[in-house]
Amino acid sequence: VAELFYRNYERDGSRSDQVQQDKNDSMRLNTRFERQVNKNSDKVRLSYEKQNETELTRSSLSSLYIDQQVEELGLAYDGVRQFDEHRQIKFGLDTRSSSLESNTADTLDEQRYALYSEGSWRFTDQQTLTVGLRQEWIHRTGLVDYDDQNLSPVVAHRYDFDDHWSLQTNISQAFRSPKAADLLSAVSISTDIDAGSLNNPDRGGNPFLRPEKITAYESTLGFNIPAGGVNVTGFYRQIDDYIESVIEQENGRYVKRPQNQDHATTYGVELSGRYA
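Now for a look at the structure at hand.

## Quick look at a nonpolar patch on the surface
Working step 1: A cluster of nonpolar side chains, contributed by F161, W165, L167, L221, V230, V232, V269 and L271, occupies part of the molecular surface with about 740 Å² of accessible area.
Working step 2: Among the secondary structure elements, those contributing two or more residues to the nonpolar patch are β9 (165–176), β12 (228–250) and β13 (253–275).
Working step 3: Within the fold, L271 resides in strand β13.
Working step 4: When its relative accessible area of 69% is taken as the criterion, L271 is described as exposed.

## Points about the layout of surface pockets
Working step 1: By volume, the largest pocket is sized at about 1100 Å³.
Working step 2: Every residue lining the largest pocket is counted, 39 residues in all, and those nearest its centre are Q51, E53, Q68, A181 and D182.
Working step 3: Within the residue set of the lining of the largest pocket, elements represented by two or more residues are β1 (2–15), β2 (18–37), β3 (40–58), β4 (63–82), β5 (87–102), β6 (105–122) and β13.
Working step 4: Partitioned by chemical class, the residues of the lining of the largest pocket number 12 nonpolar, 12 polar and 15 charged.

## Some thoughts on the side chain of S166
Working step 1: The residue S166 is located in strand β9 in this model.
Working step 2: Within polar-contact distance, the side chain of S166 engages the side chain of R158 at 3.4 Å.
Working step 3: The residues contacting S166, other than those within four sequence positions of it, are R158, Y159, D160, F161, T220, L221 and G222.

## Things to note about the packing of aromatic side chains
The geometry of an aromatic ring pair is captured by two quantities: the separation of the ring centres and the angle between the planes.
Working step 1: Evaluated as defined, the whole model comprises five aromatic pairs.
Working step 2: Each ring, one from Y159 and one from F161, has its centre 5.1 Å from the other, and the planes form 65°; the classification is edge-to-face.
Working step 3: Accessibility expressed as a relative area gives 25% for Y159, which makes it partly exposed.
Working step 4: When its relative accessible area of 45% is taken as the criterion, F161 is described as partly exposed.
Working step 5: Where Y217 meets Y236, the ring centres are 6.4 Å apart and the plane angle is 40°; that geometry is what we call tilted. Remark: Y236 occurs in strand β12 and Y217 occurs in strand β11 (residues 212–225); sequence separation between them is 19 residues.
Working step 6: In this structure, R28 packs its charged tip against the face of F5, placed 4.6 Å from the ring centre.
Working step 7: In this structure, R237 is placed above the aromatic ring of F235, and the distance from its NZ or CZ to the ring centre is 4.1 Å.

## Details of the nonpolar core
Working step 1: Judged by nonpolar contacts, L100, A105, L108, I138, V144, Y146, L183, L184, L209 and I243 together constitute the single largest core of 10 residues.
Working step 2: Look past the residues within four positions of L108 in its chain and what remains in contact with it is S98, S99, L100, R140, T141, L143, V144, A180 and L183.

## Here we look at the environment of D17
Working step 1: Structurally, D17 can be placed in the loop between β1 and β2.
Working step 2: Placed 143 residues apart in sequence, D17 and D160 show a C-alpha to C-alpha distance of 66 Å.

## Quick look at the pairing of β13
Working step 1: Here two bridges tie strand β10 (residues 202–203) to β13, and the two strands are oriented parallel to one another. Bridge pairing links D202 to V255 in β13.
Working step 2: As paired strands, β12 and β13 are joined by 22 bridges and run antiparallel to one another. Residue pairing for β13: Q249 is matched across the bridge by Y254.
Working step 3: If you look at the hairpin formed by β12 and β13, you'll find two residues sitting between the two strands, and N251 has a positive phi there, around 55°.

## Section: the side chain of T57
Working step 1: Structurally, T57 can be placed in strand β3.
Working step 2: Since its relative accessible area comes to 8%, T57 is described here as buried.
Working step 3: A distance of 3.4 Å separates the side chain of T57 from the side chain of Q20, its partner in a polar contact.
Working step 4: Every residue in contact with T57, bar those within four places of it in the chain, is listed here: Q18, V19, Q20, S62, S63, L64 and I189.

The rules behind the values
Residues numbered from 1 in each chain as written. Predicted model: local features only at pLDDT ≥ 70, side-chain atom pairs only at ≥ 80, totals over all residues. Heavy atoms only, no water. Patch = residues over 30% accessible without salt bridge, like charges linked within 9 Å, V, L, I, M, F, W, Y side chains within 5 Å. Areas by Shrake-Rupley, 256 points an atom, 1.4 Å probe, with all protein chains shown as cover. Salt bridge = Lys/Arg side-chain N within 4 Å of Asp/Glu carboxyl O. Helix = DSSP H or I, 4+ residues; strand = E, 2+ residues; numbered from the N terminus. Buried < 20%, exposed > 50% of the residue type's maximum accessible area, 1.4 Å probe, protein only. 1 Å grid on protein atoms, 1.4 Å probe; cavity = no way out; pocket = protein on both sides within 12 Å on 5 of 7 lines; lining within 4 Å. Points joined across faces, edges and corners; volume = space filled by probe spheres on them. Nonpolar A, V, L, I, M, F, W, Y, C, P; charged D, E, K, R; others polar. Polar contact = N/O pair within 3.5 Å; in protein donor to acceptor, adjacent residues only side chain to side chain. Contact = heavy atoms within 4.5 Å. Phe/Tyr/Trp six-rings, centres within 6.5 Å; stacked < 30°, edge-to-face > 60°. Lys NZ or Arg CZ within 6 Å of the ring centre and 35° of its normal. Core = buried A, V, L, I, M, F, W, Y, C linked by side-chain atoms within 4.5 Å. Pairing = 2+ DSSP bridges.

Right under this line is the structure:
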């Protein structure tokens, strides 16, 4: 299976003697090869994406031009092996290499690697236990020199009341690294009449962002049939180095940049439904 996407976006704006022109061209190719024998399957995914973005802000007093190019190549493999009706294992790897070039900062090169394995055991007719591990590595050079590795475990228990109703409880730990675009320190200026104010601040990045560390407790009550279903999920998440957008004044203008906070807690209920 192959999918090709192309997008072209252009925007022109003006106020007083200031003119701004934004352009974005992006192309993304996704390919997928699947093989299934009985209940065992193999899947190989190859993806490529290229994006060009320019932003020109010009007035009688100054001119600012930002030109960025993003290129990303990804390769992944997923496998499923079922030993019997009660036991199966999922495993795979994911590799991604990307480059971000900008006329306002050094080139940022990034490589990500991940290995994962997940085993499920149905030890009674109604109960299933799942244990998984995911090991990730990340390497950045250029604008930011950064190396990190993280191990993310997950334990889940599922109880099936009948063929339609189920209750699943998860305890997991995960890491979320900042996007490459959020690491660029360049400031994007708007042409709106209140640009640079507290209500409409300029936008910038932060090259010193650290990844978030997330410990999550979730429980989902689900009702599912072949034609669709409804899930209600209650969650409680503790987040270290939480990434939050902070507005501060710089050179007489307000700028919104992502920054790490020491700790955050999120909790709530999610309702989702599907119909086929």
